[in-house]
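# Reading the structure
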Amino acid sequence: MNNQLFITVLSSSLISAVLGALIAGTYALKNRQNEYVNEYYKTVIQRRIAAYEQLENLIVSIKTCVLGTDNKPYHLLFSKADDWDSLYILIYKVISQSLWLSEDAFIKSRDLNYLVFRITPDETDMIEFGKQNYEEIASIRAELEKTLAIDMLELHNVKKFLKSKMKVKHDFHNVYLNG
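Anyway, here's the lowdown on the structure attached to this text. In this text the structure is predicted, and so the values were computed from the model without any measurement. (Residues numbered from 1 in each chain as written. Predicted model: local features only at pLDDT ≥ 70, side-chain atom pairs only at ≥ 80, totals over all residues. Heavy atoms only, no water.)

## A few points about unusual backbone geometry
So the rule is basically this: Think of it this way: any DSSP run of H or I at least four residues long counts as a helix, any run of E at least two long counts as a strand, and we number them from the N terminus.
Here the phi dihedral of Asn71 falls at roughly 65°; this positive angle occurs in a residue that is not glycine. Within the secondary structure, Asn71 is located in the loop between strand 1 (65-67) and strand 2 (73-75).

The following block contains the structure:
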């Protein structure tokens, strides 16, 4: 009987040890997976923040307005008669990060890109371009600001963002120049 009690105690101890090891192992594995997912989400959020910082730089650059000698407004970004490179660089920095922007933010920044893309820098004065397109640029800027604010509310929701990227359809379409 003593032998039987010893075997029962020993077997229940072994079962408890195995069960405890399985539970601890499963918990450790789940914890590692959660750490990996959290690190991945941190990386995605960091990349998105960097992209939105570029978008914010673009917004700020077209937020300040000045009046020309003819009393027509234009954005300060267009105040240097032939500094197209600064404008192109600002737009490039946003468009190159478009993977990390929401679809709305990308579309609105692309609209500004298309507006600028249609011009011929050698034949177009930057100040005149700014005056002629003041309202359209101001409208795009306002839409970008609104989109930026909305996106900041959901920046932490990485799953929702990644799922939204799966639904995006980028169809090729022609861009008509000078018209």
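## Focus: the nonpolar core
For clarity, the cut-off: Nine residue types can take part in a nonpolar core, namely buried Ala, Val, Leu, Ile, Met, Phe, Trp, Tyr and Cys, and a core is a set of them joined through side-chain atoms within 4.5 Å. A 1.4 Å probe rolled over the protein chains alone gives each residue an accessible area, and that area as a share of the maximum for its type sets the label: buried under 20%, exposed over 50%, partly exposed in between. What makes two residues a contact is simply this: any of their non-hydrogen atoms within 4.5 Å.
Formed by 32 residues in total, the largest nonpolar core has its most connected members in Leu55, Phe78, Leu87, Leu112 and Phe129. Residue assignment for this core shows that the elements contributing at least two residues are helix 1 (2-61), helix 2 (84-95), helix 3 (103-117), helix 4 (126-132), helix 5 (134-154) and helix 6 (158-167). No other element matches the 6 residues that helix 1 contributes to this core. Sequence-distant contacts of Phe78, defined by excluding residues within four places in its chain, comprise Ile62, Leu87, Met126, Ile127, Phe129, Gly130 and Ile137.

## Quick look at the side chain of Arg141
Within the fold, Arg141 resides in helix 5. Since its relative accessible area comes to 14%, Arg141 is described here as buried.

## Focus on the environment of Pro73
Of note, Pro73 is situated in strand 2. In this structure Pro73 comes out as partly exposed when scored by relative accessible area, which is 28%. In the structure, Pro73 is positioned 62 residues away from Glu135 in sequence and 9.2 Å away in space, judged by C-alpha atoms. In contact with Pro73, other than residues within four places in its own chain, are Val66, Leu67, Gly130, Lys131 and Tyr134.

## Side note on the packing of aromatic side chains
What characterises a pair of aromatic rings is the spacing of the ring centres plus the angle enclosed by the ring planes. Here is the rule: Each Phe, Tyr or Trp ring (for Trp, its six-membered ring) is paired with any other whose centre lies within 6.5 Å, and the angle between the two planes then decides the class: stacked below 30 degrees, edge-to-face above 60, tilted in between. In this analysis the charged atom, NZ for Lys or CZ for Arg, is taken to sit over a ring once it is within 6 Å of the ring centre and within 35 degrees of the ring normal.
Counted according to the given criterion, the structure contains 4 aromatic pairs. Here the aromatic rings of Phe78 and Phe129 are separated by 5.5 Å at their centres, their planes lie at 55°, and the arrangement is tilted. With Phe78 in the loop between strand 2 and helix 2 and Phe129 in helix 4, this pair connects stretches of sequence that are 51 residues apart. On the accessibility criterion, Phe129 (4% relative accessible area) is buried. When the ring of Trp84 is compared with that of Phe129, the centres are 5.7 Å apart and the planes differ by 70°; the resulting orientation is edge-to-face. In this pair, Trp84 is assigned in helix 2 and Phe129 in helix 4, connecting sequence segments 45 residues apart. Ring pairs connect the aromatic residues Phe78, Trp84, Tyr88 and Phe129, which therefore count as one cluster. Positioned over the ring face of Phe161 is Arg48, at 3.7 Å from the centre of the ring.

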